Amino acid sequence: MSNDSDSNTDNTTKSPRSLSVLFHLWQFMRPYKGTLWGAGIALVLTAGITLSIGQGVRILIDEGFVAQSTEALTQAVFVIIGLSLLMAIGTYTRFYLVSWLGERVTADLRKAVFNHIITLHPSYFETNRSGEIMSRLTTDTTLLQNIIGSSFSMALRSSLTFIGALILLLVTNLKLSLIVLLGVPLVLAPILLYGRRVRKLSKASQDSIADVGSYAGEIIQHIKTVQSYTRESHEQQAFGKEVETAFDVARRRVRQRAMLIATVILLVFGAITGLLWVGGNDMLAGRMTGGDLGAFVFYAIMMASAVATISEVYGELQRATGATERLIALLQVDSLIPFDQGQKVRNVDSGDDQEALLAFEDIQFCYPSRPEQPALQHLNLSIAEGQSLALVGPSGAGKSTLFELLQRFYDPDQGAITLAGTDIRELSTESLRQQLAVVPQQPALFTADVWYNIRYGKPDATDEEVIAAAKAAHAHDFIEKLPDGYNSHLGEQGARLSGGQKQRIAIARAILKDPKILLLDEATSALDAESEYHVQQALETLMQNRTTLIIAHRLATILHADQIAVLDHGKLIAQGKHSELLESSPLYKRLADLQFQEPIVPDAVSAAPAATAAATD
Ligand SMILES: Nc1ncnc2c1ncn2[C@@H]1O[C@H](COP(=O)(O)OP(=O)(O)OP(=O)(O)O)[C@@H](O)[C@H]1O
């Protein structure tokens, strides 16, 4: 891709420069060869009929008007009516089949693009704005729909009539045809010249429209922040600027196209007038019949309108090359983390040999967008089956990064993560992720009902299983009290629930999935004491007999964890139990002091909040 906004995409496709890009679309049309044949036949038929009308015109003039024969006139009229009928049928068939094809191919293309992007590595979405990707799926595909469903067939039909009219012209009158042929390059020159400009501007125009979309998307997503900081008028202005830029580019494109069309019309009609003059003179001198001239002008007009149509459609086709380029580039981005390769996870029981179920071995990792700044450095960490490991450390220490690597959203630059002794890169991502469940700090809920949200990790779970999971997650009672119980719609991103409720739905989801390994990112947000108590109880249930990694913020978790790992600047700086770390790690002691406001010694636990007390017995 060659435009600026896409310069950071990690695909390597070269920017193709011509309409040949459109041939990439062939792979999407291939399955519908039958329809294509049908449309093609209808197209040839209608073009043929249109051309034969010229002969009808000739007969009409020479044998009807000039020969003064009413019979011949009636015959010619009937022939023309018959041809028009045939043309109507042909046009219906062509229009229906071609438009059907446009819709069908666009639908397939949309699915193909969505199916592909959903498997891409997450870092792709860090360097490509979601608004832009959305615009590929909607605007670009709609453009192609127009192209396949109309412009393409218009271009084909016009090319056919152009060639047919040219042949018939040559047959009718060679001298006049040569004049016409001399005129053709004159018309084509501006088409090519302006066409190139239009294409460039089209691409810029589509980019700026994508920018407008992603800007609005972000603002709507953060609408409460915008309003609470009273930034409405600033955002209105900023958005207005984006829209005006888009308008400006569009205006320049439209102007080039208007120039193109005007020039072509001027040249074409100038040429036809010239023809009429030369032909009229020939007719007056008796060198050709009136019918011949009539037919000639008819074909010349057909040729002219064919060229005019092509010039107009050419601009459209060029816009489509931009869209196709982007879509194909998007389809060609390879996922850095293939979804469907590698072996299945066979046996995750580490057995009696005390082998670590999970191990991070000398992990070195930088995020692709920050290659200079290591997020994890020479990190070694392991966890035995059924044990819990709490990760603590200051913000930015690399705790969440460990979760990301474990789920294979990224691969480490060095070192390996093993599950029951097997490098997770050798496992199929799907089967690896089936062993894991994550309860994130900000639970991700979908715009759907409670059933759907809890079932998300196990779509085939029965209603009873969902309810059992909700009960275990201390969510059943509040769900029952919602207006429609489990059928209640949660709103966009679960907006109709409180923070604690959202978390308990997320916990129920994880309980239902019943994973081998649990990744828990505790909420730091202040839940009220009761909510926190429920969440804590739900987590206890979830963690029972399960290998658990916790990004720990709560005293109860830290005290209960089998192991605590202290991270700082991407390094593991201490590991042990709470009491040991208080002695051995100054950072841990400082964090503990800060977090709990007062120095924590194990016997002071009873003075901690209700949730803690409940969890430490
Ligand atoms: N997607 C990303 N791209 C680039 N850098 C990132 C990305 N995510 C995190 N980082 C950086 O990696 C480092 C580790 O971040 P990480 O999120 O793992 O910290 P953390 O210990 O989980 O912090 P917190 O407790 O605040 O969530 C930080 O310096 C952070 O800025």
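Thresholds applied
Here, residues in each chain are numbered from 1, in the same order as that chain's written sequence. For this predicted model, a pLDDT threshold of at least 70 governs which residues receive local features, and a threshold of 80 or more governs which side-chain atom pairs are given and counted, while totals over whole chains, interfaces and linings are taken from all residues. Excluded from the side-chain calculation are hydrogens and water; included are all heavy atoms of the structure. Helix and strand definitions here come from DSSP, where helices need a minimum of 4 consecutive H or I residues and strands a minimum of 2 consecutive E residues; each element is numbered from the N-terminal end. Buried residues are those whose accessible area, probed at 1.4 Å on protein chains only, stays under 20% of the maximum for their type, while exposed residues exceed 50% and partly exposed ones sit between those limits. For this analysis, residues touch if any pair of their heavy atoms sits within 4.5 Å. All accessible areas in this document rest on Shrake-Rupley with a 1.4 Å probe, and a residue is counted as covered only by the protein chains that are shown. Of the grid points, spaced at 1 Å and generated over the protein atoms alone, those admitting a 1.4 Å probe that cannot get out make up cavities, while open sets with protein on both sides within 12 Å along at least five of seven lines make up pockets; any residue with an atom within 4 Å of a point is treated as lining. Grid points are joined across faces, edges and corners, and a volume is the space filled by probe spheres set on the points. Only buried residues count toward a nonpolar core, which is a set of Ala, Val, Leu, Ile, Met, Phe, Trp, Tyr and Cys residues joined through side-chain atoms within 4.5 Å. Think of each axis as a best-fit line through the C-alpha atoms, taken over the contacting stretch in the case of a helix, with angles from 0 to 180 degrees between the N-to-C directions. Angles below 35 degrees are treated as roughly parallel, those above 145 as roughly antiparallel, those between 65 and 115 as roughly perpendicular, and all remaining angles as oblique. Throughout, a crossing is termed right-handed when the near helix is turned clockwise from the far one, and left-handed when it is turned anticlockwise from it by less than a right angle. Summary of the distance rule: residues count as near a molecule or strand when at least one heavy atom falls within 4 Å of that molecule or strand. Residues adjacent in sequence count toward polar contacts only when both atoms are side-chain atoms; beyond that, a polar contact is any pair of N or O atoms within 3.5 Å, and within protein one must be able to donate a hydrogen and the other to accept it. Gly is put with the polar residues, along with every residue not named as nonpolar or charged; the nonpolar set is Ala, Val, Leu, Ile, Met, Phe, Trp, Tyr, Cys and Pro, and the charged set is Asp, Glu, Lys and Arg.

The helix and strand tally for the protein stands at 20 helices and 10 strands. Across the 617 residues that make up the protein, the buried fraction comes to 46%. Sequence-distant contacts, at least 24 apart, represent 77% of the contacts inside the protein between residues at least 6 apart. Approximately 31100 Å² of the protein is accessible, and the part contributed by carbon and sulfur atoms is 58%.

With respect to the helices and strands, the residue Leu188 is situated in helix α6 (residues 174-221). Spatially, the C-alpha atom of Leu188 lies 10.0 Å from that of Leu267, the residues being 79 residues apart in sequence.

A water-sized probe rolled over the atoms picks out the places where empty space is left. The calculated volume of the largest pocket comes to roughly 2300 Å³. Around the largest pocket, the lining comprises 48 residues; the ones closest to its centre are Phe409, Ala444, Phe446, Tyr456 and Arg509. Counting residues per element, the ones that place at least two in the lining of the largest pocket are α3 (70-117), α5 (130-172), α6, α7 (223-228), α11 (429-434), β6 (436-439) and α15 (499-513). Of all the elements, α15 adds the most residues to the lining of the largest pocket, at five residues.

Most often, soluble globular proteins keep nonpolar side chains buried together rather than apart. Ranked by size, the top nonpolar core spans 46 residues in total, and within it Ile454, Ile479, Ile507 and Tyr588 carry the most contacts. No other element matches α15, which puts seven residues into this core. Excluding its chain neighbours within four sequence positions, the residues that come into contact with Ile507 are Val439, Ala473, Val535, Ala538, Leu539 and Leu542. In this structure, Ile363, Leu402, Leu432 and Ala565 belong to the second largest nonpolar core, which totals 31 residues.

So, about the packing of α3 against α5. Two elements in contact, α3 and α5, have axes whose closest approach is 9 Å; the angle formed by their N-to-C orientations is 155°. When the axes of α3 and α5 are compared, the pair comes out roughly antiparallel. The hand of the α3/α5 crossing is right-handed.

Lining the immediate environment of the ligand, one finds 15 residues, of which Ser395, Gly396, Lys399, Ser400 and Thr401 sit closest. Taking Gly396, its main chain carries an N or O atom lying 2.8 Å from an oxygen atom of the ligand. At a separation of 2.4 Å, an oxygen atom of the ligand approaches a polar side-chain atom of Thr401. Against a free-state accessible area of 630 Å², the protein chains account for coverage of 70% of the ligand. Ranked by residues supplied to the shell around the ligand, first place goes to helix α10 (residues 399-406) with three residues. Here the residues of the shell around the ligand are counted per class, giving five nonpolar, seven polar and three charged.

Turning our eyes to something else, we now look at the environment of Ile147. Here Ile147 lies in helix α5. Apart from residues no more than four positions distant in its own chain, Ile147 is found in contact with Phe152, Glu316, Leu317 and Ala320.

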